[in-house]
Amino acid sequence: MTTTEPVASRAKSEKTRAIPTLVASLRAEFDRGRTRSLEWRLDQLEGIRRFLKDREEAILEALASDLGKPRLEAHSTEVSYTLNEITEAKRLLKKWMAPEKVSSPLMVQPAKSYIHKDPLGVVLIIAPWNYPLGLVLGPLIGAIAAGNSVIIKPSEVAPKTSAVLAQYLGEYVDPACVAVVEGAVPETTELLAERFDHIFYTGNGAVGRIVMAAAAKHLTPVTLELGGKSPTIIDRSANLDVAAKRVAWGKFSNAGQTCVAPDYVLCHRDVYEGFLDRLADTIRNFYGADPQKSPDYGRVVNTRHVKRLVALLGSGKIVAGGQVDESDRYMAPTVLRDVSPDSPVMQDEIFGPILPVLPVESIDAAVTFVNRRDKPLALYVYAEDADVANDVILRTTSGGAAVNHAWMHLANHDLPFGGVGESGMGNYHGRASFDCFTHRRSVLVKPTSLDAPVLYPPYNDTKKKILKMLL
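Residues numbered from 1 in each chain as written. Predicted model: local features only at pLDDT ≥ 70, side-chain atom pairs only at ≥ 80, totals over all residues. Heavy atoms only, no water.

**Student:** Quick question: what am I supposed to make of helix 8 (residues 185-193) here?
**Tutor:** If you check which residues of helix 8 are buried, you get Glu187, Thr188, Leu191 and Leu192. Projected down its long axis, helix 8 shows its buried positions confined to an angular sector of 130°, all on one face. (Buried < 20%, exposed > 50% of the residue type's maximum accessible area, 1.4 Å probe, protein only. Helix = DSSP H or I, 4+ residues; strand = E, 2+ residues; numbered from the N terminus. Arc of directions from axis to C-beta.)

Put into structure tokens, the structure is as follows:
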């Protein structure tokens, strides 16, 4: 290192070099059994709850700075949602941890068989920027509930929220077993070079492949919560007024930067024009004539993503929106029509406030369209005809699905959340979060008071006959 290297660069290098020591320290604490007790786990969950309560104002300010999140939206989708998950985990944790008795077949009798819930060890959580609080703490709740030591890596693209986590979280949880590592690519690369017992990554498929390749060097299991182009299908039987409101809400919350946001709409041609009209009216009703002035509409995370989104506007005819103010990281809620399936906006996940609406001749055509593309993280179908909705669910594949709404499957903690294929692997939320970070260890206990000689050689005809009956 030369003396002319910037101070910030030297500090980053020092932080990067400290990562192996940090991982080793967390592993030593785990090996000592520090994280295994029910009491420790409940204390940490309570600490996260107090962090959210005590630091809520700092959290909301950070989310407003990073993403322009309206206070109500930030509270409901990040703070309150996470608090509800903590409440459920605390209430059910003792039950989740309890050994699970299973039957023992005749051939192993007398015996007792059960499944023990073992923590995995030291886990790494790499979080995204679009929900930079909830998508850190959600997996952390599961990892702690399962009794692991944890390193969390917040996204550097949401620096204010990352700083709040780094500054305050250690005051509320055990810093010997839960650590925050800030930084960007160098820090993430150094973390991925270490051996973990599980890696949980939320983000895009390109980085997901990097994470999986790094994990493979240590045979580390991974959970990948990715994204993709989640379709919305509008049947001609749909309640168009309600569908327009729910699609607009699901799409334009967080300025479209949600992994399960409706990415595009396939609308039955019979109701295509009517749906477009209602969608444009709904946007005006939600955000007014000038959404840039609306207190309920967020911002794109940075100017790089604004530029990326602007390049997609030429993929169709603008029905609503289209206005951009790069200096304010603003793009209006935008609806496109006359979009070709081969256009740029239909190639990759949009992850912004642009909604292409394509006409289809039939629900069969919509199903075929969806099935010819990568398996999405979410799929939505709007239909008053229950047979149509059920048919779509049965003939398609997605990580999750909802009928006549967007996102609402996430609100039920009893529904595991995760992707399939290109949209990810593994799942979490509620009990699934505990299971994600737990090894189900099979245990059989045999008494020594009865030791049948039939098991051991030499095997005479009588022993053979008995063993054949048992086996």
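**Student:** I would appreciate a short explanation of the side chain of His198 in the present structure.
**Tutor:** In this fold, His198 is placed in strand 6 (residues 198-202). For His198, a relative accessible area of 5% gives the class buried. If sequence neighbours within four positions are ignored, His198 has contacts with Leu120, Val122, Val123, Leu124, Thr220, Pro221, Val222, Thr223, Cys436 and Phe437. (Contact = heavy atoms within 4.5 Å.)

**Student:** It is not clear to me how the pairing of strand 4 (residues 149-153) should be interpreted in this structure. Could you clarify?
**Tutor:** When a strand is regular, its side chains alternate between the sheet's two faces. The buried fraction of strand 4 amounts to five of the five residues, a majority that puts the element mostly inside the structure. Alignment of strand 3 (residues 122-126) against strand 4, held across five bridges, turns out to be parallel. Bridged to Val122 within strand 4 is Ser149. Since strand 3 and strand 4 lie parallel, the crossover through helix 6 (residues 134-145) that links them has a hand, and here it is right-handed. Alignment of strand 4 against strand 5 (residues 178-180), held across three bridges, turns out to be parallel. The residue of strand 5 that forms the bridge with Val150 is Val178. (Pairing = 2+ DSSP bridges. Right-handed = clockwise from strand over helix to strand, strands pointing away.)

**Student:** Can you walk me through unusual backbone geometry in this structure?
**Tutor:** Peptide bonds are, in most cases, trans, and in most cases residues other than glycine have a negative phi. Look at the link from Gln109 to Pro110: it is a cis peptide, with omega at -5°. Within the fold, Pro110 resides in the loop between strand 1 (100-102) and strand 2 (112-119). One non-glycine residue, Asn404, adopts positive backbone phi at about 65°. Assignment of secondary structure puts Asn404 in the loop between strand 16 (400-403) and strand 17 (417-418). Its identity as a non-glycine residue notwithstanding, Trp407 has a phi of 75°, on the positive side. Within the fold, Trp407 resides in the loop between strand 16 and strand 17.

**Student:** Explain the sheet that holds strand 18 (residues 424-425) to me, please; I cannot follow it from the model alone.
**Tutor:** Where strands meet in a sheet, backbone hydrogen bonds hold them as pairs that are either parallel or antiparallel. Taken in spatial order, the six strands line up as 5-4-3-6-7-18 in an open sheet, and their pairing is mixed. Either end of the sheet is taken by a strand with one partner, and the two such strands are strand 5 and strand 18. Sheet topology note: the strand 3/strand 6 ladder contains four bridges and is parallel. Within the sheet, the bridge partner assigned to Ile126 lies in strand 6 and is Tyr201. Each of strand 3, strand 4 and strand 6 is contacted by helix 8, which is oriented at about 150° to strand 3, the strand it contacts most. (Axes fitted to C-alpha atoms, helices over the stretch in contact; angles between N-to-C directions.)

**Student:** Explain the packing of aromatic side chains here, please?
**Tutor:** Aromatic ring pairs are reported here in terms of the distance separating the ring centres and the angle at which the planes meet. Taken as a whole, this structure holds 12 aromatic pairs when the rule is applied. Pairing Phe286 with Tyr287 gives two aromatic rings, centres 5.8 Å apart and planes at 90°, and the pair type is edge-to-face. An angle of 70° between the planes, with centres 6.1 Å apart, marks the rings of Phe417 and Tyr428 as edge-to-face. Of this pair, Phe417 sits in strand 17 while Tyr428 sits in strand 19 (residues 427-428); the two residues are 11 residues apart in sequence, bridging distant segments of the chain. A residue is classified by how much of its surface remains accessible, and Phe417, at 7% relative accessible area, is buried. Three or more aromatic residues joined by ring pairs form one cluster here, namely Phe200, Phe417, Tyr428 and Phe437. (Phe/Tyr/Trp six-rings, centres within 6.5 Å; stacked < 30°, edge-to-face > 60°.)

**Student:** Looking at this structure, how should I read the pattern of salt bridges?
**Tutor:** Side-chain pairing between opposite charges can occur once the charged atoms of the two side chains come close. Enumeration according to the criterion identifies 27 salt bridges in this entry. Between Glu422 and Arg209 there is a salt bridge, with the nearest N and O atoms lying 2.7 Å from each other. With Glu422 in the loop between strand 17 and strand 18 and Arg209 in helix 9 (residues 205-216), this pair connects stretches of sequence that are 213 residues apart. A relative accessible area of 38% places Glu422 in the partly exposed class. (Salt bridge = Lys/Arg side-chain N within 4 Å of Asp/Glu carboxyl O.)

**Student:** Can you walk me through the packing of helix 3 (residues 38-54) against helix 5 (residues 71-97) in this structure?
**Tutor:** Pairs of packed helices are described in terms of their axes, by the angle between the two and the distance that separates them. Packing of helix 3 against helix 5 brings their axes to within 10 Å, and their N-to-C directions diverge by 170°. Relative to helix 5, the element helix 3 is oriented roughly antiparallel. Only Val79, Thr82, Leu83, Ile86, Ala89, Lys90, Leu93, Lys94 and Met97 of helix 5 make contact with helix 3, whose side of the interface consists of Leu38, Arg41, Leu42, Leu45, Glu46, Ile48, Arg49, Leu52 and Lys53. The residue makeup of the contact of helix 3 with helix 5, split by class, is 11 nonpolar, one polar and six charged. (Parallel < 35°, antiparallel > 145°, perpendicular 65-115°, else oblique. Nonpolar A, V, L, I, M, F, W, Y, C, P; charged D, E, K, R; others polar.)

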